[in-house]
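# Understanding the architecture of this molecule
Letter by letter, the chains look like this.
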Amino acid sequence: MGRFISNFKLQGDKVIWIIIFLLSIISLLVVYSSTGTLAYKVKGGNTSYFFIKQLVLLLGCYFIIWVTHKIPYKHYSSWANMGLFIAIGMLLLAKIVGVNLNQASRWITIPGIGFNFQPSELAKLALILFVSRILSKFQTDRECQKEAFWKIIAAIGVVCGIIFLDDFSTSALLGGICLMLMFIGRIAAKYLLGTFGAGLGLIIILLIIAPFLPNSFGRIHTVRNRILNFAGIGEKKTDDGRNYQVDQAKIAVVSGGIIGKGPGNSDQRNFLPHPYSDFIYAIILEELGWFGGFGILALYLFLIYRAGSIVRKCDRTFPAFLVIGLSLSIVAQALTNMAVSVNLIPVTGQPLPLVSMGGTSLIFTSAALGMILSVSRSVKEQEELNHAED
Amino acid sequence: MWRVGVCYTLIVLLAFCVVSRVVYLQVFEGDDWRGRAQSISKKDITVYANRGDICAADGRLLASSIPYYELRMDFQAMGLTNDIFKKNVDSLAICLSRFFGDKSSSAYRRQLWDAKFHSTRNRYVLINQRKVNYNELKQIKTFPLFRLSSNKGGLICLQESKRVQPHINLASRTIGYLNKGNGNELIGKVGLEGLFENELKGIDGISMMQKMSGKWLPVNQADPKDGNDIITTIDVNFQDVAQSALLQQLQAYHADHGSAILMEVETGAIKAIANLGLDSETNKYEEIYNYAIGEATEPGSTFKLASIMALLEDGYVQPTDSIDTGNGIHRFYKDKMRDSHVGGYGMISVQEAFEKSSNVGISKLVNQHYKDKPRDFINRLSAFRLNKTLDLDIKGEGRPKIKYPGEEGWSGISLPWMSIGYEVQQTPLQTLCFYNAIANNGKMMKPIFVHEIKYHGKVLKHFDEEVLKNSLCSRETLRKVKSMLEGVVLRGTATNLRNSSYSIAGKTGTAQIADKNKGYGHKVYQASFAGYFPADAPKYSCVVVINSPDKKKGFYGNQVAGPVFKTIADKVYAMTYAMHPPKQDEQICEIKVPISLNGNKDDLDIVFKELNVSIDDREVYGDWVLTSRQDSIIKYKNRIINNHLVPNVKGMGIQDALYILENAGLKVKINGFGSVKKQSLNPGSNFRSGDLIYIELS
């Protein structure tokens with residue numbers, strides 16, 4: 001069987017490949033349906049523009065996955081340090097010269113091709129790589145050495161600190177994943193609790209003093225407003241005092257029902273802001289109903305299940321941490337997107353990995369998946385080798 | 001590995017939360033949100049129908065609607081990106097400043113900029129208070145940004161229509177006007193506009209719009225149906241005559257108000273109805289109330305016709321009988337009845353008593369014959385249909401009042417006073433109807449105001465004349481009272497109306513009535529004259545009532561109301577009989593192609609198509625054309641209509657001319673009928689908006 005896959009040069013866990021394929025099909029369907037409004041806004045009604053763009057991007061993603069899964073994971077470990085430095089450098093660059101979108105300096109325009117690049121996506125990948133590397137490096141039989149904790153905390157502090165002001169949710173999400181990873185990496189519980197407490201405290205303090213901070217102080221005001229809105233005591237956005245985006249999303253979710261309106265039949269895409277990214281899950285529920293909505297959730301859960309089975313077969317710590325960290329990151333992001341769409345948590349702009357439109361997220365999600373598959377490939381080859389030796 | 005398990009459990013828990021949240025929303029909040037979904041993704045837009053025209057009997061326009069547009073801008077239009085906005089805002093501000101001329105371009109720029117970037121209410125922002133007409137709108141649609149589609153440029157124009165009466169103030173009360181209804185729509189409330197609201201308003205269309213791909217697209221449209229046109233019985237020339245004659249007299253006698261109605265004897269068609277009242281603010285006479293229909297007052301001596309008819313019908317008197325009027329004063333209980341002629345007429349005939357309008361004579365006769373059976377007298381009046389309204393379709397008809405013995409207010413002197421037109425009430429139109437019935441050989445016609453209802457030239461409904469009462473009295477009585485009514489003009493109180501070319505029959509009325517503004521204590525005079533002409537073969541009946549003339553200048557019916565009657569009768573007689581045009585039927589048959597008017601190309605196309613006439617429109621590219629006849633086809637040539645210069649409307653029909661001139665911003669006054677022969681401002685000359693232009697039609 002392994003032979004067969006290697007003939008097609010697609011290696012690693014078949015199920016993960018299938019999950020990737022299914023997700024990208026859903027992505028094409030929903031992006032095509034939900035970009036109508038945007039197409040009228042910026043492309044004069046050429047509705048196939050974004051479909052083709054997404055198709056090309058997805059094909060690019062397959063290529064990236066293919067390349068990254070061919071690269072032995074050992075290399076990733078050795079690139080971790082460098083990757084982190086590059087990521088931090090780019091984050092700082094974005095803060096200085098970045099394109100200001102929604103009052104957030106989160107983007108860098110790459111000269112020449114006019115592609116908006118979001119360095120925080122790179123930073124996410126790099127940080128997980130780095131944490132995995134450090135954790136495995138300082139792993140002893142009983143626990144992880146203290147030194148590892150401080151190194152990791154320093155890295156998280158710098159990266160999340162930079163992202164924090166412009167992109168609260170990404171920063172919090174990343175911090176959370178890293179904490180989980182450290183927990184799995186057997187860092188002593190007291191440190192973790194301390195870090196968690198300190199982080200939470202800092203956030204709460206910032207939110208409380210937000211009204212007294214100058215406007216230049218990032219997006220802390222927006223974060224505060226969204227949280228207050230969620231709690232129902234915030235600044236009113238619509239006529240009858242409810243939050244517009246949330247209302248529209250709820251309408252989408254409800255009107256989809258169990259079987260959905262069918263692909264391309266969404267009505268709410270015309271009213272929801274960013275129906276092709278932040279609120280794509282609401283559109284999926286509207287068009288594809290429970291089958292699509294819960295199906296896609298199942299796909300992500302299946303992804304971490306498969307990741308878990310890869311981890312179990314790992315005989316080294318770095319690939320295990322890497323696979324867990326990356327898969328958790330993808331799934332946590334997916335759940336965040338879904339939770340926003342169904343109004344479980346305050347509004348925040350997390351794309352649905354591999355489904356939402358948006359180049360940077362797609363590229364780095366692909367890279368992450370490629371890395372998971374790379375580990376899977378090595379594990380399989382190792383297994384086959386073991387069998388051969390038997 | 002248990003640590004991984006903890007993390008996975010957390011994730012699965014979160015996933016479970018998402019699923020249950022979806023189920024919760026759908027099951028428990030489902031109905032609420034589904035209802036809201038309905039309300040936002042679809043909307044119905046009303047497409048207003050064009051209101052029908054109100055026309056005179058000959059088809060000339062009395063009231064018509066002309067479209068105007070309110071300009072608003074949607075700064076959140078889907079395609080109006082910041083880039084597009086910034087690129088165009090300066091030039092747009094310059095254009096707007098130049099167009100409206102009320103603010104500098106920098107002020108406009110600031111207004112637009114603030115609306116776009118600093119305002120929370122940046123949808124449907126009003127650009128300028130002023131509403132623009134169709135041609136101006138065309139110009140505005142060439143401005144930067146506005147020349148883009150509304151989705152990109154954000155321009156929103158809301159159409160409204162303005163009701164205009166081209167013959168300014170001609171029967172405007174009877175034509176009526178529009179008021180704002182419950183919604184924001186205009187509804188005909190008064191006069192014919194109100195009466196035929198349902199016919200005129202048409203049926204609004206509904207365009208169901210659905211938001212699809214960022215655009216509101218019509219998914220289902222019910223087209224509007226234009227309102228029907230109302231062809232009234234009003235003759236513009238007669239109306240003009242009646243109105244100016246009334247005005248002149250009101251001014252001469254400083255009267256408070258007055259009305260004059262002209263009715264066609266045979267049909268009851270109202271050919272003219274003028275109502276003028278002194279507007280205390282402007283000190284001018286204007287159509288402020290429909291007195292002719294709405295105001296019931298004590299008619300005075302014009303009511304003596306009814307009394308004498310009752311006496312004749314019951315056979316109590318003959319015109320030749322004598323009656324002693326004594327010294328002009330007669331006492332009924334404590335109250336003195338006086339004749340206006342001081343000293344009295346002594347012993348006179350019944351005929352004379354009527355012609356000279358002797359109060360003593362008539363009241364004595366009535367009192368003498370009906371004192372013991374007053375019910376008989378009242379029953380007679382009822383038989384003359386004086387106690388009932390005319391069942392007018394127009395709202396607000398004043399109720400006539402005829403007391404019945406035993407009713408509240410009935411007293412011993414009621415009978416004599418009623419006999420001379422006091423303690424009873426009639427509206428001018430009711431009085432006219434009664435006199436018209438005499439002229440019409442006893443047949444009482446219902447007044448009609450509308451001939452036909454048309455839709456795009458096709459007759460939908462024709463209003464036939466209606467008889468209220470077939471015969472008021474015997475032929476014998478009729479012959480006698482006609483002779484008396486003629487005698488009023490020949491020998492009686494209205495000799496000033498006598499003329500050599502035709503005869504008038506009628507009755508003067510001079511009443512002292514309570515001033516409605518100042519209460520019963522304060523009495524004012526009301527002069528009236530009701531009658532018909534020519535007396536030998538009545539064609540028209542007419543009533544003139546003038547309220548509260550200046551006592552020092554005069555107050556008698558013959559003196560104040562009579563001349564108005566005579567002026568109207570003279571001119572109407574002249575126009576009806578002397579100027580009757582020779583028939584031209586045979587000539588017309590020889591012309592194969594109709595001589596056409598100039599005008600709107602689309603309209604003419606329809607006309608010529610209907611007539612099966614070939615058209616040569618090869619040279620034409622605009623909306624407005626000149627036509628000329630070449631052998632058997634009609635050739636179109638362009639007529640250039642320039643917005644800034646006075647348009648040339650010569651040769652056009654009134655509707656087209658009015659449309660073009662009003663849209664150009666001119667105020668139009670019209671004289672004559674037919675097609676435009678002369679215009680007071682030369683074509684191609686400069687003008688300012690609101691300038692007055694006279695056009696002469698023939």
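So, how was this worked out
Residues numbered from 1 in each chain as written. Chains lettered and ligands numbered in written order. Predicted model: local features only at pLDDT ≥ 70, side-chain atom pairs only at ≥ 80, totals over all residues. Heavy atoms only, no water. Helix = DSSP H or I, 4+ residues; strand = E, 2+ residues; numbered from the N terminus. Buried < 20%, exposed > 50% of the residue type's maximum accessible area, 1.4 Å probe, protein only. Contact = heavy atoms within 4.5 Å. Areas by Shrake-Rupley, 256 points an atom, 1.4 Å probe, with all protein chains shown as cover. Core = buried A, V, L, I, M, F, W, Y, C linked by side-chain atoms within 4.5 Å. Domains from an automatic or database assignment. Pairing = 2+ DSSP bridges. Axes fitted to C-alpha atoms, helices over the stretch in contact; angles between N-to-C directions. Expected span 1.5 Å × (residues − 1). Phe/Tyr/Trp six-rings, centres within 6.5 Å; stacked < 30°, edge-to-face > 60°. Lys NZ or Arg CZ within 6 Å of the ring centre and 35° of its normal. Salt bridge = Lys/Arg side-chain N within 4 Å of Asp/Glu carboxyl O.

### A closer look at the overall build of chain A
If you tally the helices and strands in chain A, you get 14 helices and three strands. The buried share of chain A, reckoned over its 390 residues, is 56%. Counting contacts in chain A only where the partners sit at least 6 residues apart, residues at least 24 apart contribute 70% of the total. With an accessible surface of roughly 16,800 Å², chain A has 65% of that area assigned to carbon and sulfur atoms.

### Re the nonpolar core
Note on soluble globular proteins: their nonpolar side chains tend to be buried together. Counting residues in hydrophobic clusters, the biggest one holds 124 residues, and the most contacted among them are Y281, I296, Y300 and L352 of chain A. Broken down by element, this core gets its largest block of residues, 17 residues, from helix α12 (residues 280–313) of chain A. Split by domain, this core shows at least three residues from each of two domains, domain 1 (13–70 + 247–389) and domain 2 (78–237) of chain A. Judged by nonpolar contacts, the second largest core, of 117 residues, contains F377, C473, Y540 and V543 of chain B.

### Focus on the sheet that holds strand β34 (residues 692–697) of chain B
Residues and elements named next belong to chain B. Taken in spatial order, the three strands of this open sheet run β32-β34-β33, and their pairing is mixed. The open sheet has two edge strands, β32 (667–671) and β33 (676–679), and neither has a second partner. Each neighbouring strand pair of the sheet contributes to a mean axis angle of 30°, computed without reference to strand direction. In this sheet, β34 lies alongside β33 in antiparallel orientation, the contact comprising three bridges. Bridge pairing links V676 to L697 in β34. Across the face of the sheet, helix α23 (residues 654–664) comes into contact with β32, β33 and β34 while running at roughly 155° to β32.

### With respect to helix α6 (residues 119–137) of chain A
Look at α6 of chain A: 26 Å from first C-alpha to last across 19 residues, which is about the 27 Å you get at 1.5 Å a residue. The buried count for α6 of chain A comes to 18 of 19 residues, which makes it a mostly enclosed element.

### As for the side chain of S97 of chain B
Within the secondary structure layout, S97 of chain B lies in helix α3 (residues 82–100). If we skip the residues at most four places from it in the chain, S97 of chain B touches D102, K103, S104, S105 and Y108 of chain B.

### Brief notes about the packing of aromatic side chains
Applying the stated rule across the entire model yields 34 aromatic pairs over all chains. Here the aromatic rings of F164 of chain A and F168 of chain A are separated by 5.5 Å at their centres, their planes lie at 70°, and the arrangement is edge-to-face. Take F164 of chain A: its relative accessible area is 13%, and that puts it in the buried class. A cation over an aromatic ring shows up here: K507 of chain B above the ring of F354 of chain B, its NZ or CZ 5.7 Å from the ring centre.

### Some thoughts on unusual backbone geometry
Most peptide bonds take the trans form, and the phi angle of most residues other than glycine is negative. All names here are of chain B. Residues F533 and P534 are joined by a peptide bond in cis, for which omega reads -20°. Phi is positive for N441, close to 55°, though the residue is something other than glycine. With respect to the helices, strands and loops of the structure, N441 is situated in the loop between α17 (428–439) and β21 (444–445). In this structure, S548 takes a positive phi of about 55° despite not being glycine. Residue position: S548 is located in the loop between β27 (540–547) and α19 (557–560).

### A short note on the environment of R312 of chain A
Residue and element names in this part refer to chain A. Structurally, the position occupied by R312 is in helix α12. Here R312 falls in the exposed class, since its relative accessible area comes to 60%. Along the backbone, R312 and V379 are 67 residues apart, and their C-alpha atoms lie at a distance of 9.9 Å.

### Side note on the pattern of salt bridges
All names here are of chain B. Following the criterion strictly, the structure yields 18 salt bridges over all chains and no others. Among the salt bridges present, the one from R380 reaches D314, with a minimum N-O distance of 2.8 Å. With R380 in helix α15 (residues 374–383) and D314 in the loop between α12 (304–313) and β15 (322–324), this pair connects stretches of sequence that are 66 residues apart. For K403, the salt bridge identified is with E423, shortest N-O distance 2.8 Å. Note that K403 is positioned in the loop between β19 (401–402) and α16 (414–419) and E423 in the loop between α16 and β20 (424–425), a separation of 20 residues in sequence. Here the residues in one salt-bridge network are E313, D314 and R380, joined through shared partners.

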